[in-house]
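Residue-level structural notes
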Amino acid sequence: MSNLSWLKNNDYLEKNQKREFSIAAWVCWGIALILLLIPVRSSFLRIYHINAAQDTPTLSGQVLLLERKPSRQELLYEARVEITYKGKAYTMTEAGFRFTDGMYEQAMESGTVAVYLNPDEPEKSVLSKGIPPRNYILPSLFALIALTLICTGAYFLKRSH
């Protein structure tokens, strides 16, 4: 009778390899989910709220806080502005992508600033409208990476069966 222990070893290695492919698939999907939920979702939500205020009337908002936050590439602004819409007071915090130094100086002098109203969510109104094309690049890149990870996970799962 011949020794067939090498067959048992082959079965063990094959099962182990399938389990590793299955784990790799879940890791890929987990990383893709994190990418989609954190940077992609937050960036596209910000873009969505700025777009929602594009063709709406402006209101005059009372400046509660307006600060320049210098960064490497551009000036960022921290804003807290109070607006009144339909008899209710709202505090909005989004300066938008195109808030300029001139708008900042004017707001600091007068204590008021023009606010582009988001009628569905007034607290998500913005101080400037318009989105530069470069602001679509990073979230789109993360979404593409997440899609690649999802497809890689599907390939690994197929290999695990």
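These remarks concern the structure in this document. None of the values given here were measured: they were computed from a predicted structure. (Residues numbered from 1 in each chain as written. Predicted model: local features only at pLDDT ≥ 70, side-chain atom pairs only at ≥ 80, totals over all residues. Heavy atoms only, no water.)

Some points on the packing of aromatic side chains
Per the counting criterion, the structure on display carries three aromatic pairs. Centre to centre, the rings of W26 and W29 are 5.1 Å apart; their planes meet at 85 degrees, and the pair counts as edge-to-face. In this pair, W26 and W29 are both assigned in helix α1 (residues 5-52), three residues apart and thus about one turn of the helix distant. Chaining the aromatic ring pairs together yields one cluster made of F21, Y155 and F156. (Phe/Tyr/Trp six-rings, centres within 6.5 Å; stacked < 30°, edge-to-face > 60°. Helix = DSSP H or I, 4+ residues; strand = E, 2+ residues; numbered from the N terminus.)

Structural notes on unusual backbone geometry
With phi around 55 degrees, K86 is a residue other than glycine that occupies positive phi space. With respect to the helices and strands, the residue K86 is situated in the loop between β2 (75-85) and β3 (88-92).

Regarding the nonpolar core
L66, V81, F99, V113, V115 and L127 are the most contacted members of the largest nonpolar core, which has 17 residues in total. Where this core is concerned, the elements lending two or more residues are β1 (58-70), β2, β3, α2 (101-110) and β4 (112-116). No other element matches β2, which puts five residues into this core. Leave out the neighbours within four places in its chain, and V81 touches G61, Q62, V63, L64, Y90, T91, M92, V113, V115 and L127. In terms of nonpolar packing, the next biggest core, distinct from the first, is built from seven residues, I47, I50, Y116 and V126 among them. (Core = buried A, V, L, I, M, F, W, Y, C linked by side-chain atoms within 4.5 Å. Buried < 20%, exposed > 50% of the residue type's maximum accessible area, 1.4 Å probe, protein only. Contact = heavy atoms within 4.5 Å.)

Details of helix α3 (residues 134-159)
When the terminal C-alpha atoms of α3 are compared, their 38 Å separation across 26 residues agrees well with the 38 Å that a helix rising 1.5 Å per residue should span. Regarding α3, the residues found buried are N135, P139, A146, L149 and G153. (Expected span 1.5 Å × (residues − 1).)

Some thoughts on the side chain of T56
One can find T56 in the loop between α1 and β1. Polar side-chain contacts of T56 include one of 3.1 Å to the backbone oxygen of A53. A distance of 2.4 Å separates a polar atom in the side chain of T56 from the backbone oxygen of L117. Ignoring any residue separated from it by four or fewer positions in sequence, one finds T56 in contact with Y116, L117 and P119. (Polar contact = N/O pair within 3.5 Å; in protein donor to acceptor, adjacent residues only side chain to side chain.)

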